[in-house]
Structure formats: structure tokens, C-alpha cells
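Spelled out, the chains give:
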Amino acid sequence: MRVIPFLFSFFLVLFYSPISAQEQAYLKGKVMEIQSEEALPGANVFWEKDPQRGVVTDIDGNFSIVLTELPAKLVISFIGFETSIRIIGPKDMEKSLRFYLRPDEVSLEEVIIRGRPADQNVRSLDMGKSTIPIETIRNIPALFGEVDLLRSLQLLPGVQTAGEGTTGLFVRGGSADQNLVQIDGAPVYNPSHFFGFFSVFNPDALQGVDFYKGNIPANLGGRISSVIDVSLKEGNYQKVQGEGGIGTISSRLTVDGPLFSENSSFTVSGRRTYADVFLRLSNDENLRNNSLYFYDLSGKFTFKLGDKDKLSVSGYFGSDYLGLSRQFGFGWDNWVNALNWTRTINDKTYFDLNAYYSRYRYEVNFDDPDIGFLWDNTLSESGVRGQWSYIPDNKTSLNWGFHSQLYQFNPVQLNPTPGSNIEPIATNPRNGLQHNFFFSTVREINDRISVEGGLRWGLYNQIGRGKVFVYEDEIPSPTSVILDSLSFNRLENIQFYQGLEPRIALRYLLRDDLSFKASYNRTFQYVQVASNSSAGLPIDRWIPAGAFIPPIRGDQYSVGFFKNLQDNIWELSLEGYYKDFRNLIDLRQGASILFTDNVETEILSGDGYAYGLEFLLKKNIGKTTGWLSYTYSRVWWQIDGISGDKRFNPRFDRPHDVTVVLNHEFSKRWSANMTFVYTTGQAVTFPIGSYEVDNQRLPLYGEQRNADRFPDYHRMDASVTWKNVDRGRKWRGSWNFSIYNLYGRKNPFSYQFTDIINDQINFDLNSGEEIVSRRPGVVMTYLFTFLPAITYNFEF
């Protein structure tokens, strides 16, 4: 904890330095698009005679700039729009200013994929942060033509995938459960549909996404690898409009517009697959009785309560279901609600309040007179977050607040159906209460140096209702003797943990277009998944920190160089990182954790580390846009009791990763997109031999874990889009033709080591009977080769 005194001293120097010799006056206003009157976040605002002291509009299009001597010319510019210049006089200070920008017909002929102001990657303190424009996500060729947010993030440096077609993310050496995915501030515990092949996010319903894999702000926490902060789209305040699409496996529709008046708006969105509809048309009765679908619904209602207050209420519900012949059913769903209130207290102080409730549940049922059962589980998180922001001048900002969370992990229950011989099972509930307090500040020391410091303090309690077992020698293991069990009432304290999480960042501007950055983050994670599946399954069991399971701790150090080329047309970055993990968990060999109350006896804990180098070259403007990225990374875990107590690579250790993303506009109507990915194969354990039991050959595995690898993975996807760009039409459509795995690469999904029977059929010449041949062999399973799709998209 030596870094804590240093951070405290750093704050003292920072805060007790004189900020300004005199009180400064500010000009405030709002920048909007002239036709729809939608806010334009990220617009540049500056005085013509002092362009270096400009500001950028916030997510609502608002800005506040230090006043200069009046009258003076104020310049407002935004890529894709005509620049506006207005003379500001003393009388303008007495009214609320609004600036309307008109689309630039010339610049719109070129594609722009920038989701942030020019020079932001060089001048900001952001490291390991990506802001992904929704339009960029839509242009990326997709599996079955289904545009997908999480699969798009897999194309960024430092992000690995769980396997073919899946949406699981492994960020800078972290496992999939170490990523915080949230919608409007509310966490999503299972962000995937259809066993991980699609994410829960309908792209038409999204406003934007911020992806943090390094230098995570102090107001965010709870996961040690990354934060995926998704915002639902705010509706249009002037007119009703909509968009949607009809695809190969699903259709979607989004409608937004004013709700009651120009001070309120709504957005509602829905999406559903229809594989089950076609199954009902089958002549096979067994197929007709099967079900396979997912759907999701989302909505956001926003109210402007005056010049200083805005309130939004958003919700999401998504559901999956797989049914086989009315005998087996498997379903899971997410239900997420969030309330956000933003208040402008004065010219320099702002307040944001976020309250949420997120619930995830799954249910498995099997209809059988002898062994029928119903298996279900529910978990939820409720929380409230308050944040104050104070901006004393254009060189300093301060943020502080709190975040309280209640985790409720209900019992895993297995109940027999009437007449079944199955014994009922019900585990004990596990609950946690966590309070976080955070503070951060950003200070521009001079034209070249900017610093950021932050501190988050987490106070976690495992609370009742629940039960804790007492083991002999206080060491839980499968062979440990249980001496006693302690029962705790509701909200009674069971186990307490606390941890300080410092955040420090530095930016040094070497030249106007080149900067050096460094950062350090410490984070704690108090809930994690105990699973033997790296890809993630709907039945994965989340485990809160408790008496025998301490929270995970992650420390990340990162440095990087950031440069812009050719007047910000190109962005170039090189980042290196080192991460240290403490208290990681993994399952014992042959562990069973789904229905046990003694989870601590089935897991082992240890430490790990990861390091990597990430290169990114990105083109933002022009007929051709896209990026090239390369990542070299390694991950090592060391857990006593696994791999002979020696270090080993988890499955998601994939040293080399190359990604190419290209988009080209041939004309206003025609465009083409291409992606190529190459990565080292997954780390796996292959058998070293075999043995026979009851005339059945079984694989024999060695002591060392994940010493082998799948073949390297590579794939190319492509798509072509035609758009109807006729102006004045109330209905505009476009067609997208895509091919997943263009050259039909058979990337292995799994290998099965088994006996190959009748690989070569022979017959007895005397009896004429078939001779069954049997030999050891390997069966490779792959999922997709050449896979075309077509989608019709529309807007009105």
C-alpha cells in the first residue's frame, strides 16, 4: 500500500496549488442539428482569436467556455457540418444561447468514423479507452447478418474471443466474468443470446458505447479487466421517426419521437428471431414441437424538467428459449431497469444520480414420469450511484460520489415433478452489500502536462440470510471434515472486506500531434464466476466473496505513445501493459459446483500475471476508412494443486492477434466492408494416451494443464451495401449482402478423442458378416464455413 501515501501527497499538491487568481466568467450554450434539433456532442467551440483554449460539447450538446473580452467571434465546428461563426456581445450574456449547425453536403460525401473530437486521442488522458460509433458497428460484416456490439469489440487490440462465433470477451488477460457490461449504468450479468452467439444489444436502440480496458475512471469499478458502458438512445424531441431491419434469422424495429411535448421523448425497440416459426411448418412432428428463439425489448423515456434538470427512465428485457419435443425446456432472461437524473446546480457544479435494478434468471425443465424435474436460479443486483462534478476553470475538474450495491444470489433449486424419483435440492442463498466512495481530479499543469488522480474505496460485507460451514483445520477441501455450520439471519454480517483502489494517469505532449501517456489502476472484484467453461454458459454460477473466497485484486500498469498523421486523418498508437492478479479461482479436477453448498471445497485459488503490446493504425476520414491492429500478449496463472503447482496458460492465452477492418464508399449508394482476423489457437490439454474401462477406451491426461494448442484461427468476412439515398422520401431502405468466413476456413471448435468405428468396412468371406473395425482417432468439430446472409434495413 505504499502507493496510498504517494497519492495523498499528490492530491495535496494538486488541490492546494492556486487555481485562479480571480473568479472567471463563462459563456454557456447548446449546439444542435438544425433540422432535427438533436444535440451534437463532441462539437468544438472556441474563440476565433484564441483557438487553443477551446472546449467540447458534452453528451447533451452543452458547453461552457471561459469568457473573453467582448465583442468577440465564437466559432462552432463539427465534422460533417458547416462551421458557424457568431459575434458575441455583452447582451448575449443575458440569454440562453443556442447554435444550429447545418449538414455540410461536401463533407458528407466522405465517410467519417470518428466518435470523438480531433486530437482527442493525443491530448486527452484516455488510455485503453475506445468510443465506438454505432454507425461503425453497423458497417462491420456480421454472423448471419446480425450486427453485434460485443463481436465488434473483439476486433479491437487487446481483446480476445472465446471461440468461433461467440460474443465472450477476454480483455488484456482477464477472464470473461471480469468485464463489467452495463446499460445506462445498470449491470447485465449475461450479455448474450443463443448460448453466446449474439449479444443482447440491438444496435438500433443504442446511443453509443465507451469501452475501458485501462485507466478506468474512479467512478466505475467492480470488475478488474474492463468496463463496457452502453447508453440507450434518447428519442427525438421534434418528430416521430423509426428504423429497423428484416434479416436472415431475425427482424427488428425501433421507433422514437416526442412523448407529450418538446420537453419529453421516447424510444422503444424490439427484436425477435423466427427459427421456431419455420419449425412449425415442418412435416416432421418432432421438429414441429421444437422451439428455438430469442427476443429483446428496450425503451427509454426522457423528460426535461427545466433548464437545469433532466430525468430518464430506461428498461430492457431479453429472453431465450430452447424446447425439444415438449419434453425438455431451457430458458433464461435478463430484466434491467435504470433511472438517471442530471441536474445543473450552477455554472460550475453538476450532479448525476443513477438508480438501477438488474435481474438474471434461468430455468431448465425435463418432463418425465420417473426423473422429471424443474431446475431454476435467480440472481439480482440493486444499486444507487450519486456523483458531483465541479469545474472551477477550464484546466481543472473534480468528481466525487458514492455507489451502493446489494447482491442477491438466490438458492439454486432442483424440484422433482409430480411422481418423479428425483430428490429435491436447494442450496443456501448468498448475499453481499457493498458501499463505494470515490474521488478524482483532472488538472492541466501547463500546455504539455496533464495529470489525473483518483481513489475508490470499497467496503464489502457478505450478509445473511445464509450458512457458513466450519472445517477441520479451517481448510476447505473435498476431504475436509465439516465440524459445524453457522446460520445467519437476514442482513447479519458474515464476512467483511475492504480495499483502496488508486487511479493515476499522466499525459505529456511531446508535440502538438504526439503524446506520451502512463497510468496505474488498482481494482477489486467482489463477485466472480465458478465455471469450467471459458466461453460462458447460461447456467454459470456466480459466487460472491465470503469467508473462504476473498475478492480478486488487479493492478495494471500501462504506457503508450499516441500520434495523429495528416491533419488527424490517421491515428497511430502503441500501448504496453502489465497486469498482476491476486486471488484468482479455478476448479479442482472433476469439481462439481452447480448444486453444492460447499463451493469453497471445489475451487482452488492463486495468482497470475499478464503483459502485452498493442499497435493500432486507424484511418478516420475519406472514401476508405478502417483500422489495422496487432497485439502480442501472454497470460500466466499459478494455482497450487493445478498443473503440478507450476504456472500455466489459461485457455484464452493467444499470443498473436491481427485484425484488419476496411470500409470503402464507392458512391452515395454503394459501399463495401471487409474484416480479417488471425489469432494464435487456444491453449488446451490434449490426452497423452488412453486406457480401457469396460471395453470402452477413455483418454488419459497428463499433469500439465493447457500445454497444447488448437491450430491458429483465421477468417475473412465481407459485405456489400446498397442504400436508397433519395432525399424527400419518408421511407428509405438499404440492402446488405454479407458472407461470414469468405474462404471457408474450417476453424476447429472442439476435438473429441474417441474410437473410430468402421473407418474401413470389411466383410467375413465365409459368413458374409460385417467386421467391425475399431481404432483410436480424433474427431474435429467446426461450426461455420462459407455462410451468406441478406438483410433489408429501413428508416422512416
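### Some remarks on the overall build of the chain
A count of helices and strands for the chain gives 6 helices and 54 strands. A compact globule built from 796 residues should have a C-alpha radius of gyration of about 28 Å, and the chain, at 28 Å, falls within 12% of that. Taking the principal axes of its C-alpha atoms as reference, the chain extends roughly 105 × 65 × 50 Å. Here the chain holds 796 residues, and 52% of them are scored as buried. Counting every atom, the chain has about 36500 Å² of accessible surface; 55% of that belongs to carbon and sulfur. Distance between charge centroids for the chain: 6 Å, based on 79 positive and 90 negative side chains.

### Concerning the pattern of salt bridges
Summed over all chains, the structure comprises 29 salt bridges. Where Arg-123 meets Asp-512, a salt bridge forms, and the shortest distance between an N and an O atom there is 3.8 Å. Here Arg-123, found in helix H2 (residues 120-123), pairs with Asp-512, found in the loop between strand S33 (493-511) and strand S34 (514-525); they are 389 residues apart in sequence, far enough to count as distant. Exposure remark for Arg-123: the relative accessible area of 31% places this residue in the partly exposed category. When its relative accessible area of 55% is taken as the criterion, Asp-512 is described as exposed. Through salt bridges that share partners, Glu-135, Arg-138, Asp-204, Lys-233, Glu-243 and Arg-252 make up one connected network.

### Here we look at the sheet that holds strand S7 (residues 97-101)
In space, the 3 strands of this open sheet follow the order S4-S1-S7, with mixed pairing throughout. Only two strands of the sheet have a single neighbouring strand rather than two, namely strand S4 (62-66) and S7. On average, adjacent strands in this sheet sit at an angle of 35° to one another, irrespective of strand direction. Across 5 bridges, the pairing between strand S1 (residues 26-33) and S4 is antiparallel. From the neighbouring strand, Tyr-26 faces S4, where its bridge partner is Val-66.

### Remarks on the sheet that holds strand S13 (residues 186-187)
Reading across the sheet, the 5 strands line up as S9-S16-S17-S12-S13 and stay open at both edges, with mixed pairing between neighbours. Every other strand in the sheet has two partners, leaving strand S9 (129-132) and S13 as the edge strands with one partner each. Inspection of the sheet shows S9 paired to strand S16 (residues 206-212) by 4 bridges, in the antiparallel sense. Within the sheet, the bridge partner assigned to Thr-131 lies in S16 and is Asp-210.

### A look at the side chain of Gln-178
Relative to the assigned elements, Gln-178 resides in the loop between strand S11 (169-171) and strand S12 (179-183). Relative accessible area serves as the criterion here: at 2%, Gln-178 is assigned to the buried category. At a separation of 3.0 Å, a polar atom in the side chain of Gln-178 contacts the side chain of Ser-225.

### Overview of the pairing of strand S17 (residues 226-232)
With 6 of 7 residues buried, S17 lies mostly within the body of the structure. Note: S12 against S17, 5 bridges, orientation parallel. Residue Leu-180 lies in a different strand from S17, and its bridge partner there is Val-227. Sheet topology note: the S16/S17 ladder contains 6 bridges and is antiparallel. Bridged to Gly-208 within S17 is Ser-231.

### A closer look at unusual backbone geometry
A cis amide bond links Leu-70 with the next residue in sequence, Pro-71, at an omega value of 0°. The topology assignment puts Pro-71 in the loop between S4 and strand S5 (72-77). Here Gly-464 and Arg-465 are connected by a cis peptide whose omega angle stands at 10°. Tracing the sequence through the fold places Arg-465 in the loop between strand S30 (449-463) and strand S31 (466-471). Residues other than glycine seldom take positive phi values, yet Phe-195 does so here, at roughly 60°.

### Points about the confidence of the model for the chain
For the chain, per-residue confidence averages 87 on the pLDDT scale, and 91% of positions sit at 70 or higher. S13 holds the highest mean pLDDT among the elements of the chain, 97, whereas helix H1 (residues 3-15) holds the lowest, 47. The model gives residues 3-22 a pLDDT under 50, and that stretch makes 33 contacts with residues more than four places away or in other chains. Below a pLDDT of 50 lies the segment residues 106-115, which in the model reaches 33 contacts outside its immediate sequence neighbourhood of four places, other chains included.

### Considering the side chain of Ser-265
Relative to the helices and strands, Ser-265 is located in strand S20 (residues 264-273). One polar contact links the side chain of Ser-265 to the main-chain carbonyl oxygen of Gly-235, over a distance of 3.3 Å. Not counting chain neighbours up to four residues away, the residues in contact with Ser-265 comprise Glu-234, Gly-235, Asn-236, Tyr-237, Gly-257, Pro-258, Leu-259, Lys-300, Phe-301 and Thr-302.

### A closer look at the nonpolar core
Leu-149, Leu-153, Phe-201 and Ile-228 are the most contacted members of the largest nonpolar core, which has 43 residues in total. Going through the elements one at a time, helix H3 (134-139), helix H4 (149-153), S11, S12, S16, S17 and strand S23 (328-344) are the ones with two or more residues in this core. Ignoring sequence-local partners within four residues, the contact set of Leu-149 consists of Ile-137, Ser-199, Phe-201, Leu-206, Val-209 and Val-230. By size, the runner-up hydrophobic cluster in this structure holds 22 residues, among which are Phe-330, Tyr-362, Tyr-497 and Ile-539.

### Some words on the environment of Gln-495
Inspection of the secondary structure puts Gln-495 in strand S33. Each C-alpha atom of the pair Gln-495 and Leu-455 lies 23 Å from the other, and the pair is 40 residues apart in sequence. Every residue in contact with Gln-495, bar those within four places of it in the chain, is listed here: Tyr-460, Asn-461, Gln-462, Gly-546 and Ala-547.

### Digging into the packing of aromatic side chains
Tallied over the entire structure, the rule returns 44 aromatic pairs. An aromatic cluster is built from Phe-144, Phe-194, Phe-195, Phe-197, Phe-198, Phe-294, Phe-330, Trp-332, Tyr-740 and Phe-784, whose rings are joined through pairwise contacts. Directly above the ring of Phe-562 sits Lys-517, whose terminal nitrogen or CZ lies 4.2 Å from the centroid. Between the NZ or CZ atom of Arg-705 and the centre of the ring of Phe-648, over which it lies, the distance is 5.6 Å.

### As for the pairing of strand S54 (residues 787-795)
Relative to S54, strand S18 (residues 241-246) is paired through 4 bridges, and the arrangement is antiparallel. Paired with Ile-246 across the strands is Tyr-792, a residue of S54.

### Some thoughts on a nonpolar patch on the surface
The grouping of Phe-666, Trp-670, Val-720, Trp-735, Phe-737 and Ile-790 at the surface amounts to a nonpolar patch, some 580 Å² of accessible area in total. On the secondary structure map, Phe-666 appears in the loop between strand S42 (656-665) and strand S43 (670-679).

### Quick look at the environment of Pro-157
Among the secondary structure elements, Pro-157 is positioned in the loop between H4 and strand S10 (159-161). Relative accessible area serves as the criterion here: at 6%, Pro-157 is assigned to the buried category. Separated by 473 residues in the primary sequence, Pro-157 and Tyr-630 have C-alpha atoms spaced 6.3 Å apart. Aside from chain neighbours lying at most four places away, what touches Pro-157 is Lys-213, Glu-614, Phe-615, Leu-616, Ser-629 and Thr-631.

### Points about the environment of Arg-503
Tracing the sequence through the fold places Arg-503 in strand S33. Residue class for Arg-503 comes out buried when judged on its relative accessible area of 3%. Taking C-alpha positions, Arg-503 is 4.7 Å from Gly-454, a pair spaced 49 residues apart along the chain. A distance of 3.3 Å separates the side chain of Arg-503 from the backbone oxygen of Arg-522, its partner in a polar contact.

What counts and what doesn't
Along each chain, residues carry numbers from 1 onward, in the same order as the chain's sequence is written. The predicted nature of this model means local features are confined to residues of pLDDT at least 70 and side-chain atom pairs, given and counted, to a pLDDT of 80 or more, with totals for whole chains, interfaces and linings taken over all residues. Values reported for side chains reflect all heavy atoms of the structure, with hydrogen atoms and water molecules removed beforehand. The secondary structure listing takes helices from DSSP runs of H or I that are at least 4 residues long and strands from runs of E that are at least 2 residues long, numbered from the N terminus. Atoms counted for the radius of gyration: C-alpha only. Globule rule: 2.2 Å times residue count to the power 0.38. Per-residue accessibility, obtained with a 1.4 Å probe over protein chains only, is compared with the maximum for each type, and a residue is labelled buried under 20%, exposed over 50%, and partly exposed between these values. The Shrake-Rupley method, run with a 1.4 Å probe, gives the accessible areas here. Residue values count only the displayed protein chains as cover. By the counting scheme adopted, Arg and Lys are positive, Glu and Asp are negative, and His together with the chain ends is not counted. Charge placement uses NZ in Lys and CZ in Arg. For Asp and Glu, CG and CD serve respectively. The salt bridge definition used is simple: a Lys or Arg side-chain nitrogen within 4 Å of an Asp or Glu carboxyl oxygen. Paired strands, as defined in this entry, are two strands with at least two bridges between them according to DSSP. Here the axes come from fitting lines to C-alpha atoms, over the contacting stretch only for helices, and the angles between their N-to-C directions go from 0 to 180 degrees. Each polar contact in these results corresponds to two N or O atoms within 3.5 Å; when the atoms are within protein, one needs to be able to donate a hydrogen and the other to accept it, and residues that are neighboring in sequence are counted only if both atoms are side-chain atoms. Confidence of the predictor at the level of single residues is given by pLDDT, which spans 0 to 100. For this analysis, residues touch if any pair of their heavy atoms sits within 4.5 Å. What we call a nonpolar core is a set of buried Ala, Val, Leu, Ile, Met, Phe, Trp, Tyr and Cys residues that are connected through their side-chain atoms within 4.5 Å. Only the six-membered ring of Trp is used, alongside the rings of Phe and Tyr, when aromatic pairs are assigned; centres must lie within 6.5 Å, and planes under 30 degrees apart are stacked while those over 60 apart are edge-to-face, with the rest tilted. We count a charge as sitting over a ring when the NZ of a lysine or the CZ of an arginine lies within 6 Å of the ring centre and within 35 degrees of the ring normal. Here, patches come from residues exposed beyond 30% relative accessible area and free of salt bridges, joined within 9 Å for like charges and within 5 Å for nonpolar side chains (Val, Leu, Ile, Met, Phe, Trp, Tyr).

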